[in-house]
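# Geometric and topological summary
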Amino acid sequence: MAEDDPKTLVSTGWLERHLKDPDLRVLDASWYLPDMGRDAKAEYAAVHIPGARFFDIDEISDQRSELPHMAPPPEKFVSRMRAMGVGDGHQVVVYDGAGLFSAARVWWLFRLMGKTDIAVLDGGLPKWLAEGRPVEDMAPILRDRHITVSRQAHLVRDVTQVAAAAKLGDHEILDARSPGRFAGTEPEPRPGLRPGHIPGSKSVHYRTLLNDDGTMKSPEGLRAAFAAAGVDLGKPAITTCGSGVTAAILSLALERLGKRDHSLYDGSWAEWGMYNDLKVARG
């Protein structure tokens, strides 16, 4: 049971107590890999936490990029949030239908845009439903809300920066994918990508940071998981995964530990695995 912190993680109990707060905004950021066989929008339409708006990770992205759901330019983020009635002075809580899977990506995206009053719902919709808390199927009434953003460039890394970090060894590069994908022994869900991992990176499967019920482990449990993966928390960290979604779970965990010097490799394996001139490690 994690301690409630409206800038990182809040419990289902905290959210239910605050549901009627006029300045609370709840976002359903459910997103699934194709092999998960789930339709996030349809599930949202059928059942969501009262007042929740649907945050479409694929649409609220940089559509000029060939890579999946890269962070959107600030002006697109602003226009989408305004239309959703999410703006300055709001406390945002974001959840997903898997427990803790894609919600952390939206938490990171808000931070990238300089908005820190955002927390992930610990255990997400599965825990909320299991506890018999209120849900609805109606779309919320949206009123335009002014929002100002200030992009925090230090929170994101591009392929050149990650390649330099891998070469110099001055960062811990943490890979949230499964151990099999990290080792290159199990296939990538996206076709055409080489198997393996960024040389020098460490495997920290995002599930090792979660309890069985999809909630995030305590700070002690998180430290133990990073230690088991051989991670030196004294070094700045770059988080990575398949396409920049589960990497944000690692970023959230680092933030929970009070570690501030972390950034996310937005292109992740969807980019690194594509280019033959970038070295790949196996095993």
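In short, a report on the structure.

What follows is about the packing of aromatic side chains. In the structure shown here, the tally under the stated rule is five aromatic pairs. Both rings, one in Phe77 and one in Phe110, keep their centres 5.1 Å apart while their planes meet at 80 degrees; by these two values the pair is edge-to-face. With a gap of 33 residues between them, Phe77 in helix α3 (residues 74-83) and Phe110 in helix α4 (residues 103-112) connect regions that are remote in the sequence. Here Phe77 falls in the buried class, since its relative accessible area comes to 0%. Residue class for Phe110 comes out buried when judged on its relative accessible area of 2%. Between Phe101 and Tyr206 the ring centres are 5.9 Å apart and the planes differ by 55 degrees, which places this aromatic pair in the tilted class. Here the residue Phe101 occupies a position in the loop between β4 (91-95) and α4, and Tyr206 occupies one in the loop between β8 (202-203) and α8 (219-228), the gap between them amounting to 105 residues. You'll find Phe101 and Tyr206 in the same group, each marked buried. An aromatic cluster is present here, built from Trp31, Phe101 and Tyr206 joined pairwise through their rings. The ring of Trp128 has Arg133 sitting right over it, with the charged end atom 5.9 Å from the ring centre.

With that settled, consider the pairing of strand β5 (residues 118-121). As defined by bridge partners, strand β1 (residues 9-10) adjoins β5 across two bridges and the pair is classed as parallel. Residue pairing across strands places Val10 opposite Leu121, the latter belonging to β5. Pairing between β4 and β5: three bridges, direction parallel. When the bridges of β5 are listed, Val94 appears paired with Val120. Since β4 and β5 lie parallel, the crossover through α4 that links them has a hand, and here it is right-handed.

On to the sheet that holds strand β10 (residues 262-265), then. Pairing within the open sheet is parallel, and its five strands lie in the order β6-β10-β9-β7-β8. Strand pairing shows two members of the sheet lacking a second neighbour, β6 (156-157) and β8, which therefore form its edges. By the bridge criterion, three bridges tie strand β9 (residues 237-240) to β10 in an arrangement that is parallel. Paired with Thr239 across the two strands is Leu264, which belongs to β10.

What follows deals with the pattern of salt bridges. With the rule as written, the count across this model stands at 21 salt bridges. Of the charged contacts in the structure, one is a salt bridge between Arg105 and Asp266, with a shortest N-O distance of 2.8 Å. Of this pair, Arg105 sits in helix α4 while Asp266 is found in the loop between β10 and α10 (268-272), placing the two residues 161 residues apart along the sequence. For Arg177, the salt bridge is made with Glu188, and the minimal N-O distance between the two is 2.7 Å. In this pair, Arg177 is assigned in the loop between β7 (172-175) and α7 (179-183) and Glu188 in the loop between α7 and β8, connecting sequence segments eleven residues apart. Summarising the burial analysis for this pair, Arg177 and Glu188 share the class buried. What emerges from the salt-bridge pattern is a single network uniting Glu16, Lys127, Glu131 and Arg133.

Before going further, it helps to spend a moment on the environment of Leu67. Residue position: Leu67 is located in the loop between β3 (53-54) and α3. A sequence separation of 199 residues divides Leu67 from Asp266, and the C-alpha atoms of the two residues are 9.2 Å apart. With near-sequence residues (within four places) excluded, Leu67 lies in contact with Gly267, Ala270, Glu271 and Met274.

Looking now at the side chain of His90. Take His90: it is sitting in the loop between α3 and β4. Reaching out from His90, the side chain makes a polar contact with the side chain of Arg25 at a distance of 3.3 Å. In contact with His90, other than residues within four places in its own chain, are Asp23, Arg25, Gly85, Asp117 and Arg145.

Conventions used here
Residues numbered from 1 in each chain as written. Predicted model: local features only at pLDDT ≥ 70, side-chain atom pairs only at ≥ 80, totals over all residues. Heavy atoms only, no water. Phe/Tyr/Trp six-rings, centres within 6.5 Å; stacked < 30°, edge-to-face > 60°. Helix = DSSP H or I, 4+ residues; strand = E, 2+ residues; numbered from the N terminus. Buried < 20%, exposed > 50% of the residue type's maximum accessible area, 1.4 Å probe, protein only. Lys NZ or Arg CZ within 6 Å of the ring centre and 35° of its normal. Pairing = 2+ DSSP bridges. Right-handed = clockwise from strand over helix to strand, strands pointing away. Salt bridge = Lys/Arg side-chain N within 4 Å of Asp/Glu carboxyl O. Contact = heavy atoms within 4.5 Å. Polar contact = N/O pair within 3.5 Å; in protein donor to acceptor, adjacent residues only side chain to side chain.

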